[in-house]
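Geometric and topological summary
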Amino acid sequence: MIMLLEDIISKYKGTAYKLFKYNDSEGNSIKVAFVFDSQADYLDKYLSFYKSLPNFTELIVLASDGTFKVTNNGIAYFIRHNHQDVFEDRNGNIRGISKSISRQVRNNLIMRINDLASTGNFDEILQIVNECKIPGFGELSVYDTSLRIASFRSLEPDKVYLHAGARTGFEILESKGYLKTGMSRKKYLRKDELPIQFQEGLKMYEVENLACLYKDDFKLLEPLQLNP
């Protein structure tokens with residue numbers, strides 16, 4: 001089966017997404033499936049929660065922990081984002097960010113609350129969060145926390161940051177000829193360095209999200225002539 005990048009973008013924007021959670025943010029059993037119009041819709045609703053918070057302190061507490069509110073059948077639940085939620089994988093390994101680690105990062109960020117409030121762009125927020133991290137709070141959690149804080153500030157990345165699954169996705173795109181050689185090894189990509197299909201109709205953080213989620217679909221893309 002051969003796919004086009006346009007097909008994958010349409011899938012990201014138009015295919016319903018179901019998020020099942022066994023537990024809420026405090027570890028209480030809920031076993032609820034939350035249904036969204038698409039992965040793009042989920043990302044929008046998730047970030048909109050942080051934008052709606054009443055003050056910076058509450059923002060930092062929830063953003064560093066990856067906790068957000070979502071409803072199902074009129075009932076509101078607080079859950080943790082999958083990147084931070086603690087769970088045991090199929091190999092018996094514990095994944096996610098423990099509450100003790102996120103609390104330490106939260107405390108560090110609260111000490112920098114005035115600096116965060118005076119930032120003028122996403123890169124400045126990312127730098128502060130990076131300075132507040134501790135061991136166990138990795139590159140992806142730094143990015144996620146920064147994106148939540150940026151949403152509250154009505155700021156967003158102007159480039160696509162490459163880490164974890166997103167980098168893997170762009171490595172596949174590079175191998176298929178959709179990026180110039182060596183691009184996937186960079187820390188980030190500017191908009192004009194992306195495949196043309198990603199340059200219109202998608203925000204840079206959506207491209208990062210899509211590349212992580214649909215990296216396996218990228219393997220189905222028809223190869224292009226490799227760029228020098």
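Fair warning: this is a prediction, and the values are worked out from it, not measured in the lab. (Residues numbered from 1 in each chain as written. Predicted model: local features only at pLDDT ≥ 70, side-chain atom pairs only at ≥ 80, totals over all residues. Heavy atoms only, no water.)

Considerations on the pairing of strand E2 (residues 29-36)
Note the following rule: Note on exposure labels: buried denotes an accessible area under 20% of the residue type's maximum, exposed denotes more than 50%, and partly exposed covers the range between, all computed with a 1.4 Å probe on protein chains only. Helix and strand assignments come from DSSP, with helices taken as H or I runs of at least 4 residues and strands as E runs of at least 2, each series counted from the N terminus. Only when DSSP finds a minimum of two bridges between them are two strands counted as paired.
Residues Ile30, Val32, Phe34 and Phe36 of E2 are buried on one face, while the alternating residues Ser29, Lys31, Ala33 and Val35, pointing to the opposite face, are not. Relative to E2, strand E1 (residues 17-23) runs antiparallel, the two being bridged by 6 bridges. Paired with Lys21 across the strands is Val32, a residue of E2. Counted along the chain from E1 to the antiparallel partner E2, the turn is 5 residues long, and its residue Gly27 has a positive phi close to 90°.

Remarks on the nonpolar core
Counted only if it meets this: To form a nonpolar core, buried Ala, Val, Leu, Ile, Met, Phe, Trp, Tyr and Cys residues must be joined to one another through side-chain atoms within 4.5 Å. Any two residues whose heavy atoms approach within 4.5 Å are treated as being in contact.
If you look at the biggest cluster of nonpolar residues, it comprises 71 residues, and the most contacted ones within it are Phe34, Tyr50, Phe170, Leu173, Phe198, Leu210 and Phe218. In terms of residues, this core owes the most to one element, helix H2 (residues 39-51), which gives 7 residues. When residues no more than four places from it in sequence are discounted, the contact partners of Tyr50 are Leu59, Leu62, Ala63, Gly66, Thr67, Phe68, Arg148 and Phe152.

Focus on the packing of helix H6 (residues 122-132) against helix H7 (residues 139-152)
Let me state the cut-off plainly: Every axis in this analysis is a line fitted to C-alpha atoms, fitted for helices over the stretch in contact. Angles between the N-to-C directions lie between 0 and 180 degrees. Relative orientations are named as follows: roughly parallel for angles under 35 degrees, roughly antiparallel for angles over 145 degrees, roughly perpendicular for angles from 65 to 115 degrees, and oblique for any other angle. Definitions for this section: a left-handed crossing has its near helix turned counterclockwise from the far helix by less than a right angle. A right-handed crossing has that turn clockwise. Any residue outside Ala, Val, Leu, Ile, Met, Phe, Trp, Tyr, Cys, Pro, Asp, Glu, Lys and Arg is labelled polar, Gly included; the first ten of those are nonpolar and the last four are charged.
Running from N to C, H6 and H7 point in directions that differ by 130°, and their axes come no closer than 9 Å. The angle between the axes of H6 and H7 places the two elements in the oblique class. You can see that H6 and H7 cross each other, and the crossing is right-handed. Across from Phe122, Ile125, Leu126, Val129 and Asn130 in H6, the residues of H7 making contact are Val142, Tyr143, Thr145, Ser146, Leu147, Ile149 and Ala150. A per-class count over the contact of H6 with H7 returns 9 nonpolar, 3 polar and no charged.

Some points on the pattern of salt bridges
Condition: The salt bridge criterion pairs a side-chain nitrogen of Lys or Arg with a carboxyl oxygen of Asp or Glu, the two atoms within 4 Å.
All chains considered together, the criterion is met by 15 salt bridges. Residues Lys99 and Glu26 are paired through a salt bridge, measuring 3.7 Å at the closest nitrogen-oxygen approach. In this pair, Lys99 sits in helix H4 (residues 99-111) while Glu26 sits in the loop between E1 and E2, placing the two residues 73 residues apart along the sequence. For Lys99, a relative accessible area of 26% corresponds to the partly exposed category. For Asp65, the salt bridge identified is with Arg80, shortest N-O distance 3.1 Å. Taken together, the residues span a long stretch of sequence, with Asp65 in helix H3 (residues 56-65) and Arg80 in strand E4 (residues 75-80) at a distance of 15 residues. Taken individually, Asp65 and Arg80 each receive the classification buried, so the pair is uniform in this respect. Here the residues in one salt-bridge network are Glu26, Asp65, Arg80 and Lys99, joined through shared partners.

Overview of the layout of surface pockets
For clarity, the cut-off: Cavities and pockets were defined on a 1 Å grid built from protein atoms only: a cavity is a group of points that admits a 1.4 Å probe but offers it no way out, a pocket is an open group of points flanked by protein on both sides within 12 Å along at least five of seven lines, and a lining residue is one with an atom within 4 Å of any such point. Grid points are joined across faces, edges and corners, and a volume is the space filled by probe spheres set on the points.
Empty space within the largest pocket amounts to approximately 550 Å³. The wall of the largest pocket is formed by 15 residues, among which Asn82, His83, Asp85, Phe87 and Arg95 lie closest to the centre. Here the lining of the largest pocket takes 4 residues from E1, the largest share from any one element. Along the lines of polarity and charge, the residues of the lining of the largest pocket split into 4 nonpolar, 6 polar and 5 charged. In this model, the second largest pocket occupies a volume close to 410 Å³. Contributing to the lining of the second largest pocket are 20 residues, with His81, His83, Asn209, Cys212 and Leu213 lying nearest its centre. When residues of the lining of the second largest pocket are traced back to their parent elements, those giving at least two are H2, H7, helix H8 (164-175) and helix H9 (204-213). Residue contributions to the lining of the second largest pocket peak at 5 residues, all from H9.

Points about the packing of aromatic side chains
What counts is decided by this rule: Between the rings of Phe, Tyr and Trp (Trp by its six-membered ring), a pair exists once the centres lie within 6.5 Å; its type follows the angle of the planes, with under 30 degrees stacked, over 60 edge-to-face, and the other angles tilted. Placement of a charge over a ring requires the Lys NZ or Arg CZ to be within 6 Å of the ring centre, with the centre-to-atom vector within 35 degrees of the ring normal.
Under the defined criterion, the tally for this structure stands at 18 aromatic pairs. Ring centres of Phe36 and Tyr42 lie 5.0 Å apart, and the angle between their planes is 55°; this geometry places the pair in the tilted category. The exposure class of Phe36 is buried, given its relative accessible area of 5%. Chaining the aromatic ring pairs together yields one cluster made of Tyr17, Phe36, Tyr42, Tyr46, Phe49, Tyr50, Phe68 and Phe78. The side chain of Lys159 reaches across the aromatic face of Tyr188, ending 5.0 Å from its centre.

Note that every value here comes from positions in space, so none of it alone points to a role or purpose.
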